[in-house]
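Here is what each chain is made of, one letter per residue.
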Amino acid sequence: MSLNTGRILAKNHTRNWLGFGSMLVGLLIWHLATRYGGIPNFILPSPFSVWTRLLRALADGSLLYHTGITLLEIVLGLLVGTIFATLVGYTLAKSRALERILSPYLVASPAIPIVAIAPLLVIWLGDGILSKVVICALIVFFPVLVNTIVGVRAVPVALYDLMNSLHASRAQILWKVEVPASLPVFLGGLRIGATLSVIGAIVGELVDAEEGLGFLLQLGDFQYDTPMVFVAVFMLIVLALILYGIVTLLEKRFLKWQNPSR
């Protein structure tokens, strides 16, 4: 192992310990606040209360069931939103005239709060999984779309000239030049979309759902079961971190050429 590689591993190890240490400090502050702050448990439950509620929800199977429902909505919405945004983004990147025609709609779309149109989507598409997937896909669409356009347009002209001099086909230019060159920017947008997809699924469930983590959040609110609310929130954080980590692994796998020492 080279000296440079050893330094990189040491830095990553230090960052991991810093993150773990900050979590421990946060838990300690939380524990002290609930123990000595005189805060009622239904307002701010202690870490032990949340842990106990988590074990109960795991034991009766409700947490895994509702987490699975939400995860399915997130994955489907992320896939649909990413595929559609990539296709539209590539088309717009190749046609500035089409971009000018659609730009008012593209600019207006992220300005509309998803919470405002979520009830309409539930009315139009029903209260099943379809409406949740569409809401999730809509919130994923814009960041992936923008990064796709930016990534494709950032491909150096010299690479196109090189491929044309070699008489490359359109498909060869796409897979040999445009995809690898735009992948760093595209994956950056996918990082954002992966975390936002969790919000999209929960917004749909909060509007109208009888299952999923959003349903558990509402149930905990109605029953003043604050530990259950914390459990559901922490599960959402875990899902977001997992999705973010998957995209990070994809970056390390497909972008090794950017930093060979990794």
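Just so it is clear, the structure is predicted and the values come from calculations on it, not from any experiment.

**What to know about the overall build of the chain**
Then, in step 1: Helix and strand counts for the chain come out as 10 helices and zero strands.
Then, in step 2: Of the regular secondary structure in the chain, the N- to C-terminal order runs α-α-α-α-α-α-α-α-α-α.
Then, in step 3: With the principal axes as the frame, the chain shows a C-alpha extent of 75 × 60 × 30 Å.
Then, in step 4: Classification of the 262 residues of the chain by burial places 35% in the buried group.
Then, in step 5: Partitioning the intrachain contacts of the chain with sequence separation of at least 6 by distance along the chain shows that 73% fall at a separation of at least 24.

**Observations concerning the packing of helix α6 (residues 129-153) against helix α8 (residues 170-207)**
Then, in step 1: Put simply, α6 and α8 touch, their axes get as near as 7 Å, and they point 165° apart. By the angle between their directions, the pair α6 and α8 is classed as roughly antiparallel. In the packing of α6 onto α8, the handedness of the crossing is right-handed.
Then, in step 2: Considered class by class, the residues forming the contact of α6 with α8 number 15 nonpolar, 10 polar and two charged.

**Some words on the environment of isoleucine 173**
Then, in step 1: Here isoleucine 173 is to be found in helix α8.
Then, in step 2: Sequence separation of isoleucine 173 and valine 233 is 60 residues, and the distance between their C-alpha atoms is 45 Å.

**What to know about the packing of aromatic side chains**
Both the distance between ring centres and the angle between the ring planes are used here to describe each pair of aromatic rings.
Then, in step 1: Enumeration according to the criterion identifies four aromatic pairs in this entry.
Then, in step 2: With a centroid separation of 6.1 Å and an interplanar angle of 70°, the aromatic rings of phenylalanine 230 and phenylalanine 234 are classed as edge-to-face. Of this pair, phenylalanine 230 and phenylalanine 234 are both found in helix α10 (residues 226-254), four residues apart, which corresponds to roughly one turn of the helix.
Then, in step 3: On the basis of relative accessibility, which here comes to 22%, the residue phenylalanine 230 falls in the partly exposed class.

**With respect to unusual backbone geometry**
Then, in step 1: For histidine 167, which is not glycine, the phi torsion reads 60° and is therefore positive.
Then, in step 2: By secondary structure assignment, the location of histidine 167 is in the loop between α7 (157-165) and α8.
Then, in step 3: Owing to a relative accessible area of 73%, histidine 167 belongs among the exposed residues under this scheme.
Then, in step 4: Backbone geometry places tyrosine 224, a non-glycine residue, at a positive phi of 55°.
Then, in step 5: Locating tyrosine 224 in the fold gives a position in the loop between α9 (213-222) and α10.
Then, in step 6: With relative accessibility at 64%, the residue tyrosine 224 sits in the exposed group.

**Quick look at the nonpolar core**
Then, in step 1: Leu63, Leu145 and Leu213 are the most contacted members of the largest nonpolar core, which has 46 residues in total.
Then, in step 2: Of all elements in the fold, only α2 (47-59), α3 (62-94), α5 (114-125), α6, α8, α9 and α10 reach the threshold of two or more residues within this core.
Then, in step 3: In terms of residue count, α10 provides more of this core than any other element does, 10 residues in total.
Then, in step 4: If sequence neighbours within four positions are ignored, leucine 63 has contacts with Leu54, Ala57, Leu58, Leu213, Leu216, Met228, Val231 and Met235.
Then, in step 5: Grouped together as the second largest cluster of nonpolar side chains are six residues, Met163, Ala168, Ile173 and Val177 included.

**Quick look at the side chain of arginine 53**
Then, in step 1: Take arginine 53: it is sitting in helix α2.
Then, in step 2: Look at arginine 53 and you get buried, because its relative accessible area is 14%.

**Some thoughts on the confidence of the model for the chain**
Then, in step 1: Taken as a whole, the chain shows an average pLDDT of 85; of its residues, 90% reach a score of 70 or greater.
Then, in step 2: Here helix α1 (residues 3-36) stands out as the least confident element of the chain, with mean pLDDT 68; α3 is the most confident, with 94.

**Side note on the pattern of salt bridges**
Then, in step 1: Under the counting rule described, the total for this entry stands at five salt bridges.
Then, in step 2: Here arginine 170 makes a salt bridge to glutamate 178, at a shortest N to O gap of 3.2 Å.
Then, in step 3: For arginine 170, a relative accessible area of 44% gives the class partly exposed.
Then, in step 4: Under the relative-accessibility criterion, glutamate 178 is labelled buried at 1%.
Then, in step 5: If you follow the salt bridges from partner to partner, you end up with Lys94, Arg170 and Glu178 in one network.

**Observations concerning helix α4 (residues 96-108)**
Along an α-helix, a turn takes 3.6 residues, which lines up residues three or four apart on a common side.
Then, in step 1: Helix length check: α4 (13 residues) gives 18 Å between terminal C-alpha atoms against 18 Å at 1.5 Å per residue, within 8%.
Then, in step 2: In the structure, α4 departs most strongly from a straight axis at leucine 102, where the bend amounts to approximately 55° and where the proline proline 104 lies between one and four residues downstream.

**Points about the packing of α5 against α6**
Then, in step 1: It is the contact of α5 with α6, at a shortest axis distance of 9 Å, that shows an interaxial angle of 145°. For the crossing formed where α5 meets α6, the hand is right-handed. Contact residues: α5 offers Ile114, Ile117, Ala118, Leu121, Val122 and Leu125, while α6 offers Leu130, Ser131, Val134, Ile135, Leu138 and Ile139.

Cut-offs and rules
Residues numbered from 1 in each chain as written. Predicted model: local features only at pLDDT ≥ 70, side-chain atom pairs only at ≥ 80, totals over all residues. Heavy atoms only, no water. Helix = DSSP H or I, 4+ residues; strand = E, 2+ residues; numbered from the N terminus. Buried < 20%, exposed > 50% of the residue type's maximum accessible area, 1.4 Å probe, protein only. Contact = heavy atoms within 4.5 Å. Axes fitted to C-alpha atoms, helices over the stretch in contact; angles between N-to-C directions. Parallel < 35°, antiparallel > 145°, perpendicular 65-115°, else oblique. Left-handed = near helix turned anticlockwise from the far one by under 90°. Nonpolar A, V, L, I, M, F, W, Y, C, P; charged D, E, K, R; others polar. Phe/Tyr/Trp six-rings, centres within 6.5 Å; stacked < 30°, edge-to-face > 60°. Core = buried A, V, L, I, M, F, W, Y, C linked by side-chain atoms within 4.5 Å. pLDDT = per-residue confidence, 0-100. Salt bridge = Lys/Arg side-chain N within 4 Å of Asp/Glu carboxyl O. Expected span 1.5 Å × (residues − 1). Bend = angle between axes of the 7 residues up to and from the residue.

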